[in-house]
Every structure is written in structure tokens, then in C-alpha cells.
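Take a look at the letters that make up each chain.
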Amino acid sequence: MELLIKNLSKTYSNGVKALNDISLTIPQGMFGLLGPNGAGKSTLMRTIATLQDADSGSIQLDGIDVLKDKQSVRERLGYLPQDFGLYPRINAETMLDHIAQMKGIGSKSDRKELVASLLQKVNLFKDRKKGLGTFSGGMRQRFGIAQALVGNPSLIIVDEPTAGLDPSERNRFYNLLSEIGENTIVILSTHIVEDVNTLCSNMAIICSGEVLMQGKPKDGLAMVQGKIYQKAIEKSELDHYRKDYHVISTKLIGGKLSLRIESEERLGNDFEPVAGDLEDVYFSVISKKVDPITI
Ligand code: ADP
């Protein structure tokens, strides 16, 4: 199974070109879609999820024309949108039962079994009678996965799922996602590089509506190996360094600014050569389109 996106473009009525000739091949497994805010990730996710139209281009899911045959896609789709609205007074069990009914599972006993097994899977069975409004961020996202899994989807889209989760909730969410990744296409859209590093076998980086890199995380890592240097400076020296070097990211460590610099040439002794990580790949790639320091 494969999702094939070809030459997809979308310009909003206000003139913003959100997708600019996007082509992507998304195989089975977890696929990470990385990009800064405004890159076009949600626009792409909503288009794949048949919630909005593109101006041109095509999307194929195993022979299904996604842009035309929307109903067939919806039958195979599980979607956890960025702003997943919940009815605060309805309890988890009832809500999931409604969703299962909407997805066409007619038999009450089938639904009961499915709802119980999904709630167990996402570790919310003991909370099934609680109103959704009382759920923590992590519980909400786990419930979001449960509803996305109704109907055994072959394509699951998860848009920025870990924003606002604390580290243990994030871990639990990761574990859950990695369990469903095997026989399904799971597209995880995020601006958190760590999410992709932890979970995804394939990835793409998009920025300003364009695909700047696609492949395996290790392909990305190979691009920066031997080219990344680190140096701690005073904050006031940043502009000076930016004039002479390609500074791709900065981090404050103990009051000093630690720079990551990308350089094809070997830098002198006061720059420490370091193994490039996926964050370096990300900043190096997006620096072709935007200023990675001020974004
Ligand atoms: P991301 O999910 O990567 O943050 P989006 O797809 O939400 O990116 O947005 C891409 C660009 O399109 C941004 O410049 C955003 O402001 C713009 N945009 C998104 N939705 C709309 C809309 N409904 N109308 C006009 N512009 C939009």
C-alpha cells in the first residue's frame, strides 16, 4: 500500500500559496511530515483527508483517486485533527459508540465490543464513564487515537498530536502510535523533530509549501555528517558569527549561547565538530527557505 501525491498545489483566496507543487511517496509505516508553522502541513493533511480541495495535482491511495472518490477514502481513513473538538459532557464510551455508528457499524453488540477494546487499547477503559471535558491533554489525545482507529483504517492522519502533552503523556502517546504503525500508513504531521526521530521510518520536510527533503531519517543524517560544528558564545556575539558562518540553530546553555554551524569546510580548533542529528538536518534544510534562527 502506498499514498502517491503528485504535483499538488493550493492557493487560498487571500493569495497564500500553501502548497506549491508537492510530490510525495508515502509508504506503509509511520511517515513524519516536518515543517515550521505555516509550512502547509495542515493544508496537506486536510486535503489527503478529503476535507478540502486542491487546485491541481493528484493523490492516489492504492489505486483510489483521493481527490475524486472521497467516500472510498473516508471509509479507509482515521483522522486526528489538530484541534480535535470534544463534547465536554458526553462520556468517552458514549462518544466512541456514536462515532462507530457514524462510521457505519450498525450492530449494537459489535459496537459495544469494539468500543471496549479500543478504550482498553488506549488505556482509557477505567475512564470510560467520565465526561470528555474532564480529560487531561494526554487522555484527550489517546481518545483521539481511539476514535481514529474505529473501522480499521488503512490510512491514519495525525496532525500535531503532542503539542501540550507532558513528557510522560507524550511517551504513552508515542507507544500507542508505534503499535498501530505496522500494517497501516500513518502520517504524523509535526514541527517537533524529536517526534519524527523517535517514531518514523520515513519522513519529509516541507517549508513554504514545498518539499525540501524526503526519505529515511538516516538519509537526512547522512546529508549533514561531518558538516556540523558547535561553539559556545556570548549572546551579544551572535550577529558577528552569523555574518561569517552558516548558523543553523542556537540554544541557551548555562547563560551562554551554543551555536550549531553547518560548514562544508573544516573549521578551526575553537569550533567543536559534532555528530549531526535530525534537528540539524531540519534546520539545515529549512534554512534554504526561511531564516532558521528567527523562525
Ligand atoms: P502548517 O500546518 O504547516 O502550520 P497550514 O497549512 O496551516 O500550515 O498553513 C499554510 C499557509 O496557509 C499559512 O501561511 C497559513 O496562514 C495559510 N492558511 C491556512 N489556512 C488558510 C485559510 N483557510 N485561508 C487562508 N490562508 C490559510
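Please read all numbers here as calculations on a predicted model, not as lab measurements.

Asker: Honestly, the overall build of the protein in this entry has me stumped. Any pointers?
Answerer: Within the protein one finds 10 helices and 14 strands. Put simply, the protein has 295 residues, and 49% of those count as buried. A separation threshold of at least 6 residues defines the contact pool for the protein, and within that pool the share at least 24 residues apart is 68%. Surface exposure of the protein reaches about 14,300 Å², of which carbon and sulfur atoms provide 46%. Across the protein, the 36 positively charged side chains and the 37 negatively charged ones have centroids separated by 5 Å.

Asker: In this structure, what is going on with the sheet that holds strand β2 (residues 17-27)? I would like to understand it.
Answerer: Spatially, 4 strands are ordered β2-β1-β4-β5 in an open sheet, and the strand pairing comes out antiparallel. With one partner strand each, in any of the chains shown, β2 and β5 (64-65) form the two edges of the open sheet. Relative to β5, strand β4 (residues 56-61) is paired through 2 bridges, and the arrangement is antiparallel. Along β5, the bridge assignment pairs L61 with I64.

Asker: Any chance you could explain the packing of aromatic side chains here in plain terms?
Answerer: One pair of aromatic rings is described through two measures. These are the centre distance and the angle between the planes. Enumeration over the complete set of coordinates arrives at 4 aromatic pairs. Between Y241 and F271, the aromatic rings sit 6.4 Å apart at their centres with planes inclined by 70°, giving edge-to-face as the arrangement. One end of the pair, Y241, is in helix α9 (residues 238-244); the other, F271, is in the loop between β13 (256-262) and β14 (272-273), and 30 residues separate them in sequence. Both residues of the pair, Y241 and F271, count as buried. With a centroid separation of 4.9 Å and an interplanar angle of 50°, the aromatic rings of Y245 and F271 are classed as tilted. Taken together, the positions of Y245 in the loop between α9 and β12 (246-253) and F271 in the loop between β13 and β14 put the pair 26 residues apart, joining distant regions of the chain. Overall, the relative accessible area of 28% leaves Y245 in the partly exposed class.

Asker: I keep staring at helix α5 (residues 137-149) and nothing clicks. Help me out?
Answerer: Residues that lie three or four places apart on an α-helix share one face, since the helix turns once every 3.6 residues. With 13 residues, α5 extends 19 Å from end C-alpha to end C-alpha; this agrees with the ideal 18 Å at 1.5 Å per step. Buried residues dominate α5, accounting for 11 of its 13 residues. Along α5, the residues classified as buried are G138, M139, Q141, R142, F143, G144, I145, A146, Q147, A148 and L149. Against β6 (77-80), α3 (92-102), α4 (108-121), β7 (155-159) and α6 (167-180) lie the buried residues of α5. G151 occupies a position one or two residues after α5 and carries a positive phi of about 90°.

Asker: What exactly am I supposed to notice about the domain arrangement of the protein here?
Answerer: Under the domain assignment used here, the protein contains domain 1 (2-215) and domain 2 (222-286). On a C-alpha basis, the centres of domain 1 and domain 2 stand 34 Å from each other. Taken together, the contacts link 11 residues of domain 1 with 7 residues of domain 2. Summing both sides of the interface, domain 1 and domain 2 together bury roughly 770 Å²; the carbon and sulfur share of this comes to 86%. Inspection of the domain 1/domain 2 interface yields 0 salt bridges. Of all elements in the fold, only α7 (193-199), β9 (202-207) and β10 (210-215) reach the threshold of two or more residues within the side of domain 1 that touches domain 2.

Asker: Help me understand the site of the ligand, please; the structure alone is not making it clear to me.
Answerer: Residues in close proximity to the ligand total 13 residues, the closest being G38, G40, K41, S42 and T43. Note that an oxygen atom of the ligand is positioned 3.1 Å from one of the backbone N or O atoms of A39. Starting from 560 Å² of accessible surface for the ligand in isolation, the protein chains cover 64%. The element contributing the most residues to the shell around the ligand is helix α1 (residues 41-48), with 4 residues. Residue classes in the shell around the ligand are distributed as 5 nonpolar, 6 polar and 2 charged.

Conventions adopted
Residue numbers here run from 1 along each chain, matching the order of that chain's written sequence. For this predicted model, a pLDDT threshold of at least 70 governs which residues receive local features, and a threshold of 80 or more governs which side-chain atom pairs are given and counted, while totals over whole chains, interfaces and linings are taken from all residues. Processing note: side-chain calculations cover all non-hydrogen atoms of the structure and skip hydrogens and water entirely. Helix and strand assignments come from DSSP, with helices taken as H or I runs of at least 4 residues and strands as E runs of at least 2, each series counted from the N terminus. Exposure categories follow from relative accessible area, calculated using a 1.4 Å probe and restricted to protein chains: below 20% of the type maximum is buried, above 50% is exposed, and the middle band is partly exposed. Note on definitions: a residue-residue contact is assigned when non-hydrogen atoms from the two residues lie within 4.5 Å. Here the Shrake-Rupley method, with its probe set to 1.4 Å, supplies the accessible areas, and only the displayed protein chains count as covering residues. His is not counted, nor are the chain ends, whereas Lys and Arg count as positive and Asp and Glu as negative. Positions of charges follow a simple convention, taking NZ of Lys, CZ of Arg, CG of Asp or CD of Glu. A strand pair is defined by DSSP finding two or more bridges across the two strands. Aromatic contacts are taken between Phe, Tyr and Trp rings whose centres are within 6.5 Å, Trp giving its six-membered ring; a plane angle under 30 degrees counts as stacked, one over 60 as edge-to-face, and the others as tilted. A helix's residues, less one, multiplied by 1.5 Å, set its expected span. An automatic or database domain assignment supplies the residue ranges for each domain. Defined here as a combined quantity, buried area equals the accessible surface (1.4 Å probe) lost by two parts on assembly, summed across both. Salt bridges are defined by distance alone: a side-chain nitrogen of Lys or Arg within 4 Å of a carboxyl oxygen of Asp or Glu. Each residue is tested against the molecule or strand, and it is near if at least one of its non-hydrogen atoms lies within 4 Å. Within 3.5 Å is the distance limit for a polar contact, defined as a pair of N or O atoms, with the added protein rule that one can donate a hydrogen and the other accept it, and that residues adjacent in sequence qualify only through two side-chain atoms. Here the term charged refers only to Asp, Glu, Lys and Arg, the term nonpolar to Ala, Val, Leu, Ile, Met, Phe, Trp, Tyr, Cys and Pro, and the term polar to all other amino acids, Gly among them.

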